[in-house]
Amino acid sequence: FDTFEGHDFFPVNLKYRVQATLTVTEGTPFFGMKTTTSRFSTERIYGHVTFSIEGREFRLPVYQSKDLMSTEEYADYLFFPFTDLTNGQATYGGGRYIDLRIPKGGSDMIIDFNKAYNPYCAYSPRYSCPLVPAENQMDIEIPAGVKYDATMKSTTTLLSANPDVVLKPDVMPQYPGGLEAMTKFVGKHMTYPKEALKEKTQGTVYVAFIVKADGAVSEIKTIKGISAACDAEAERVVSLMPNWTPGQLDGKNVAVQFVLPINFKGRPGWK
């Protein structure tokens, strides 16, 4: 179904896909960025991005992770967290993130706010997510990227009776390739149920499941649904997922519960 999105997004608006200039800050020290838990994320300010939106110029820091910069795949990864005036209403109150890459052979880069996504802790308090620094707060509305359904935030209740499932791991499981890859997977494999099309059913299905110590997905269960057909389809798609990178506790792989929101977006004109 060509209008399906893995999450509920604002309509794409190219006004929020901006040309930016990256100014690198040499020799900045690493520091412990506060997170939603007692953990600190080791980051440094890699530089500042300068761009304009609606005639206003912004200059905000972008960050580089000490852990990721030592990896081959993410050595050029930059972390761009931000808040704006939509937070707490149409978007997650704690702000959103955008993944950037260090530009090759220059300072020009594109920042696409249409790709802004929620931190995982928007859906589960078990996640440890970096808090958006004060320097990255924008006093403007950015109605682009992923929205947030504030009526549904997963609890710390353990849905599985399996005693081996860990409620608060040190490291949460990760889908191979990250959130964007998972969204593409869901969009590719999802089929909008004919019954839901007929009844004009739309909304977000929240599916809980266990990522086992070997990365396999199991014990799939809808914890908040919209219809029997859509709930079943969401569960079916989750069952097709490849193995994840498992969560860890004390350096060992463990089974962890995960909650995934899957959005069924209706045709234009549906109410």
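In the block above lies the structure referred to throughout.
Being a predicted model, the structure only gives us computed values, none of them experimental. (Residues numbered from 1 in each chain as written. Predicted model: local features only at pLDDT ≥ 70, side-chain atom pairs only at ≥ 80, totals over all residues. Heavy atoms only, no water.)

Caption draft 1: Looking closely at the nonpolar core. Ranked by size, the top nonpolar core spans 43 residues in total, and within it Phe 209, Met 241 and Trp 244 carry the most contacts. Every element with two or more residues in this core is listed here: β5 (77-82), α1 (178-189), β9 (203-211), α3 (228-239) and β12 (252-264). In terms of residues, this core owes the most to one element, β12, which gives six residues. Counting 24 residues, the second largest nonpolar core, distinct from the first, contains Ala 20, Ile 111, Phe 113 and Met 138. (Core = buried A, V, L, I, M, F, W, Y, C linked by side-chain atoms within 4.5 Å. Buried < 20%, exposed > 50% of the residue type's maximum accessible area, 1.4 Å probe, protein only. Helix = DSSP H or I, 4+ residues; strand = E, 2+ residues; numbered from the N terminus.)

Caption draft 2: Spotlight on the side chain of Thr 86. Among the secondary structure elements, Thr 86 is positioned in the loop between β5 and β6 (96-101). In terms of polar contacts, Thr 86 uses its side chain to reach the side chain of Asp 84, at 2.7 Å. Non-local contacts of Thr 86, meaning those with residues more than four positions away in its chain, are made with Thr 91, Arg 96, Glu 141, Ile 142 and Pro 143. (Polar contact = N/O pair within 3.5 Å; in protein donor to acceptor, adjacent residues only side chain to side chain. Contact = heavy atoms within 4.5 Å.)

Caption draft 3: Highlighting the pairing of strand β4 (residues 56-65). Burial within β4 is extensive, with seven of its 10 residues counted as buried. Where strand β3 (residues 40-53) lies against β4, 10 bridges are found, and the strand directions are antiparallel. The residue of β4 that forms the bridge with His 48 is Pro 61. In textbook terms, the turn of a hairpin is the stretch between consecutive antiparallel strands, and for β3 and β4 this stretch comprises two residues, one of which, Glu 54, has a positive phi near 50°. (Pairing = 2+ DSSP bridges.)

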